[in-house]
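Architecture and fold: a report
Each chain is listed here by its residues.
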Amino acid sequence: MGSSTSKLPALRTVKEVDIPKFIGDWYVIGVIPTYFEKGACNPIEKYSWDSKKKAIAVDFQFNKGSLTGDKKSIPQTLYVDGYPKASGNMKASPFWPIKLPYLLMELSDDYTNCMVGYPSRAYLWIMSKSKNMDKKIYEEYVQIAKDQHYDIAKIENPPHHGDRKENLKEDLEKEEAPK
């Protein structure tokens, strides 16, 4: 019996990124997590330009296991192919000499929402510069991920302090409280 392997098509990436506009804090709204991200709450990626490395310095911060869990920080470097303009085909380095694909699949015109993929489809990040990403945009990104052969059932939605999920829970608890 022969074996067959299916080759996934290359992920579509954005053609051009204005790096100064891309810099800032990105809340992780939806994720197919890496080992290090499992159980992360309040996940945020803080991007700043490192002029010495000519790369984006990333400080991935989160609370482990709960909204009030131990605060963790994982520094990384995001290598780009130009500045101030670059392509959406970047490389993430958690430590030297490792450089992993960081494929910017989607980026809103106003630079407030983005989606990052990985060639094997093992990982995915849907991020926003707000804790409360517009539901319609989120659903559009999930559909794009599905169209790009992601298993969208694996997408998790980590909680953030003050996000709609937390506020909705508080509203429901108020409704259920005895009057």
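Described in the following lines is the structure provided in the data block.

Cut-offs and rules
Residues numbered from 1 in each chain as written. Predicted model: local features only at pLDDT ≥ 70, side-chain atom pairs only at ≥ 80, totals over all residues. Heavy atoms only, no water. Pairing = 2+ DSSP bridges. Helix = DSSP H or I, 4+ residues; strand = E, 2+ residues; numbered from the N terminus. Axes fitted to C-alpha atoms, helices over the stretch in contact; angles between N-to-C directions. Contact = heavy atoms within 4.5 Å.

**Section: the sheet that holds strand E3 (residues 40–50)**
Strand order in the closed barrel formed by eight strands is E2-E3-E4-E5-E7-E8-E9-E10, and the pairing between neighbours is antiparallel. Each neighbouring strand pair of the sheet contributes to a mean axis angle of 35 degrees, computed without reference to strand direction. For strand E7 (residues 89–93) and strand E8 (residues 100–107), the ladder comprises four bridges, and the chain directions are antiparallel. Looking at the pairing, Asn-89 lines up with Leu-103 of E8. On the sheet, helix H2 (residues 135–147) packs against strand E2 (24–32), E8, strand E9 (113–117) and strand E10 (124–128) and is oriented at approximately 20 degrees with respect to E9.

**Description of the pairing of strand E5 (residues 71–79)**
Judged from the eight bridges that link them, strand E4 (residues 55–64) and E5 form a sheet pairing that is antiparallel. Each bridged residue has a counterpart across the sheet, and for Asp-59 the counterpart in E5 is Pro-75. The turn joining E4 and E5, which pair antiparallel and follow one another in sequence, is formed by six residues; a positive phi near 85 degrees is taken by Gly-65. Judged from the three bridges that link them, E5 and E7 form a sheet pairing that is antiparallel. When the sheet's bridge partners are listed, Leu-78 is paired in E7 with Ala-92.

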